[in-house]
Amino acid sequence: MAGLLLLPPLLLLPPLLLLLLRTLHIWPRLRWLAADLAFAVRVLRCNRALRARALAAAAADPRGPEGGCSLAWRLAQLARQRPAHVFLIHGARRFSYAEAERQSNRAARAFLRARGWDAGPGGGAGNERAGAAAPLAPGATVALLLPACPEFLWLWFGLAKAGLRAAFVPAALRRGPLLHCLRSCGARALVLAPELLESLEPDLPALRAMGLHLWAAGPETRLAGISDVLAEASAEADEPVPGYLSAPQSVMDTCLYIFTSGTTGLPKAARISHLKILQCQGFYQLCGAHQEDVIYLALPLYHMSGSLLGIVGCLGIGATVVLKSKFSAGQFWDDCQQHGVTVFQYIGELCRYLVNQPPSQAERGHKVRLVVGSGLRPDTWERFVRRFGPLQVLETYGLTEGNVATFNYTGQPGAVGRASWLYKHVFPFSLIRYDVTTGEPVRDTQGHCVATSPGEPGLLVAPVSQQSPFLGYAGGPELDRGKLLKDVFRPGDVFFNTGDLLVCDDQGFLRFHDRTGDTFRWKGENVATTEVAEALESLDFVQEGTKVGLAWRPWFCVPPTPWTLSSSTATFLRTCRLTPGLDS
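Residues numbered from 1 in each chain as written. Predicted model: local features only at pLDDT ≥ 70, side-chain atom pairs only at ≥ 80, totals over all residues. Heavy atoms only, no water.

## Here's the deal with the overall build of the chain
Working step 1: Looking only at helices and strands, one finds 19 helices and 29 strands in the chain.
Working step 2: A total of 584 residues make up the chain; the buried ones form 50% of that total.
Working step 3: Summarising the internal contacts of the chain: among those between residues at least 6 apart in sequence, 66% fall at separations of at least 24.
Working step 4: Working note: accessible area of the chain is about 27200 Å², and carbon and sulfur atoms make up 57% of it. (Helix = DSSP H or I, 4+ residues; strand = E, 2+ residues; numbered from the N terminus. Buried < 20%, exposed > 50% of the residue type's maximum accessible area, 1.4 Å probe, protein only. Contact = heavy atoms within 4.5 Å. Areas by Shrake-Rupley, 256 points an atom, 1.4 Å probe, with all protein chains shown as cover.)

Below, the structure is given as structure tokens:
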């Protein structure tokens with residue numbers, strides 16, 4: 001009887017406890033505690049796996065293939081552990097991990113030959129040829145101007161194995177911006193796609209004047225001084241090259257250059273360290289993907305999202321990637337059905353294209369269970385899940401040169417991540433008050449920055465440390481100006497300035513608010529208004545222009561004589577929606 005008397009109070013205890021938590025404003029955060037704990041466990045497992053791989057590579061024979069840089073030894077591991085598993089699908093072509101290893105070995109030997117390296121008798125551990133001309137010195141930078149294709153990957157992996165640095169040049173760059181990018185990263189060679197030669201022909205004299213070693217990735221060229229790097233690679237043996245050729249002196253050494261979108265002017269060559277390459281191997285593991293997944297990748301490989309997250313992330317779990325040179329909304333679901341795609345890596349624009357397509361039979365019965373990416377607007381998010389679900393959307397946030405990343409592992413629509421205590425313990429960051437008028441963080445009377453309150457937009461900053469460094473950009477130190485903030489919360493501390501304003505709500509969800517720079521988005525790309533201004537002011541019929549806010553409004557001074565636009569200029573201006581008479 002006493003037990004029955006105690007039963008009603010016991011039944012009332014959980015609701016009363018819940019009411020108390022809500023009254024104290026604790027419940028909004030505690031309700032996601034299970035998801036926070038699960039993701040923290042995933043992070044710990046991922047870090048442990050990456051550390052074990054790195055230690056195994058450090059203890060490996062430096063003359064063997066698994067003793068080099070992280071890209072080299074990871075590919076060698078996969079070729080040994082799952083040689084027949086399909087790594088890459090591109091159109092009708094399929095490549096196993098063993099074939100990817102062989103192709104990259106041939107490319108590495110072709111680049112080593114250009115370095116003057118000789119493997120010696122029997123193809124063993126080699127040495128530099130005494131007195132031989134070596135146009136490519138150890139650690140030299142080779143720029144790749146190629147579309148997304150298997151050859152891009154073999155050349156990139158081959159450069160890494162040969163101890164050379166790759167620079168991923170955006171495929172649309174020409175004239176001044178192209179030459180600027182090549183100079184800024186100190187490129188000594190350039191590999192370009194044959195189909196780009198016609199548009200690049202006006203730039204060839206300037207490229208030759210820079211003393212670049214010019215290669216084409218294919219035989220469709222007869223221009224003097226440009227050789228076919230793929231033909232040179234095919235003539236080489238496919239045995240592994242010694243690991244010591246690519247092993248870095250420090251994990252902080254630069255192994256790759258990826259160019260920023262140029263949101264404050266011309267693109268800058270962001271330094272990508274060996275540590276970041278290793279960390280990106282854990283990307284898909286953190287997202288919950290596994291080695292039997294098939295990942296659909298239709299992003300440019302010269303972007304971090306395509307190369308480091310898509311390709312390196314796929315290598316991290318040993319999965320299969322379906323690589324598309326160009327995204328097609330009309331073919332997407334057919335491709336997913338044909339290849340059994342289970343994971344789709346997006347930028348927000350791609351999802352918008354898909355939901356705006358008319359319904360098709362192929363979009364039903366697909367196997368896609370996870371979509372991962374960034375820039376998905378809340379309205380598109382809801383339409384995408386409602387139409388193509390059930391599937392999980394995992395929105396992320398990160399910068400090419402940044403030292404902070406966020407994951408919306410709960411699937412909360414519109415959020416780019418969580419600011420839980422557990423997450424910030426692993427990936428520390430803060431939101432600080434920012435004055436949009438002065439363009440500077442708000443500081444208190446002691447000169448320290450002020451953290452934002454829930455619901456208040458703030459500048460996202462992250463502490464610079466040995467675990468989360470900021471390598472900066474190739475070129476002078478003035479390029480790093482504004483990217484580092486000092487004395488943020490205590491004297492002497494240094495934080496990386498993302499330049500982005502985010503909002504953290506009362507439940508700990510992070511939402512993107514705005515960029516602090518003068519930029520706009522075009523087809524998923526960040527574009528600087530200064531770049532548009534310079535392009536328009538270079539036209540003869542534009543006398544003067546002015547930037548207003550985030551829009552560039554030209555003031556045309558039309559000469560009295562009739563003038564016409566070239567087709568390319570008209571297309572550019574029409575696309576930008578800035579020309580009277582060309583667009584409504």
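## What about the pattern of salt bridges?
Working step 1: Counted according to the given criterion, the structure contains 18 salt bridges.
Working step 2: The salt bridge partner of D500 is R515, with a shortest N-O separation of 2.7 Å. Of this pair, D500 sits in strand β24 (residues 494–504) while R515 sits in strand β25 (residues 509–515), placing them 15 residues apart in sequence. Taken individually, D500 and R515 each receive the classification buried, so the pair is uniform in this respect.
Working step 3: The shortest N-O distance in the salt bridge between R511 and D505 comes to 3.7 Å.
Working step 4: Given a relative accessible area of 16%, D505 falls into the buried group. (Salt bridge = Lys/Arg side-chain N within 4 Å of Asp/Glu carboxyl O.)

## Some points on the pairing of strand β11 (residues 269–273)
Working step 1: β11 sits mainly inside the fold: four of its five residues count as buried.
Working step 2: With five bridges connecting them, strand β10 (residues 254–259) and β11 associate as antiparallel partners. Residue pairing for β11: T254 is matched across the bridge by S273. (Pairing = 2+ DSSP bridges.)

## Describing the side chain of E395
Working step 1: Tracing the backbone shows E395 in strand β16 (residues 392–398).
Working step 2: Of the residues examined, E395 reaches a relative accessible area of 3% and is grouped as buried.
Working step 3: Of the polar contacts made by the side chain of E395, one reaches the side chain of Y346; its length is 2.5 Å.
Working step 4: Within polar-contact distance, the side chain of E395 engages the backbone nitrogen of G375 at 2.6 Å. (Polar contact = N/O pair within 3.5 Å; in protein donor to acceptor, adjacent residues only side chain to side chain.)

## Points about the environment of G499
Working step 1: Take G499: it is sitting in strand β24.
Working step 2: Through-space distance from the C-alpha of G499 to that of V461 is 8.3 Å; in sequence the pair is 38 residues apart.
Working step 3: Dropping the residues within four chain positions of it, G499 is found in contact with L459, R515 and T516.

## Observations regarding the packing of helix α6 (residues 150–161) against helix α13 (residues 304–317)
Working step 1: Contact geometry for α6 and α13: axes closest at 13 Å, N-to-C directions at 75°. Compared by their axis directions, α6 and α13 come out roughly perpendicular. Across the interface between the two elements, L153, W156 and F157 from α6 touch S307, L308, I311, V312 and L315 from α13. (Axes fitted to C-alpha atoms, helices over the stretch in contact; angles between N-to-C directions. Parallel < 35°, antiparallel > 145°, perpendicular 65-115°, else oblique.)

## A word on the packing of helix α4 (residues 70–81) against α13
When two helices pack together, their arrangement is given by the angle between the helix axes and the distance between those axes.
Working step 1: The interhelical angle for the contact between α4 and α13, taken along N-to-C directions, is 45°, at an axis separation of 9 Å. On the basis of the axis angle, α4 is oblique to α13. Between α4 and α13 lies a crossing of left-handed hand. Contact with α4, carried on its side by L71, R74, L75 and L78, involves V312, L315, G316 and I317 of α13 and no other residues of that element.
Working step 2: Across the contact of α4 with α13, the residue classes tally to six nonpolar, one polar and one charged. (Left-handed = near helix turned anticlockwise from the far one by under 90°. Nonpolar A, V, L, I, M, F, W, Y, C, P; charged D, E, K, R; others polar.)

## Here's the deal with α6
Working step 1: End to end, α6 covers 17 Å across 12 residues, agreeing with the expected 16 Å (1.5 Å per residue, within 8%).
Working step 2: In terms of residue burial, α6 counts as a mostly covered element, since 12 of its 12 residues are buried.
Working step 3: Within α6, the full set of buried residues consists of P150, E151, F152, L153, W154, L155, W156, F157, G158, L159, A160 and K161.
Working step 4: Of the residues flanking the end of α6, it is G163, one or two places downstream, whose phi is positive at about 75°. (Expected span 1.5 Å × (residues − 1).)

## Looking at the nonpolar core
The nonpolar side chains of soluble globular proteins are, as a tendency, buried together.
Working step 1: F87, L153, W156, F157, L256, L308 and F344 are the most contacted members of the largest nonpolar core, which totals 153 residues.
Working step 2: Aside from chain neighbours lying at most four places away, what touches L153 is F87, L88, L301 and I311.
Working step 3: I432, V461, L485 and L501 belong to the second largest nonpolar core, which has nine residues in total. (Core = buried A, V, L, I, M, F, W, Y, C linked by side-chain atoms within 4.5 Å.)

## Focus: the confidence of the model for the chain
Working step 1: Mean pLDDT over the chain: 84, with 80% of residues reaching 70 or higher.
Working step 2: With pLDDT under 50 throughout, residues 120–134 is counted as low confidence; its partners more than four residues away or in other chains account for 28 contacts. (pLDDT = per-residue confidence, 0-100.)

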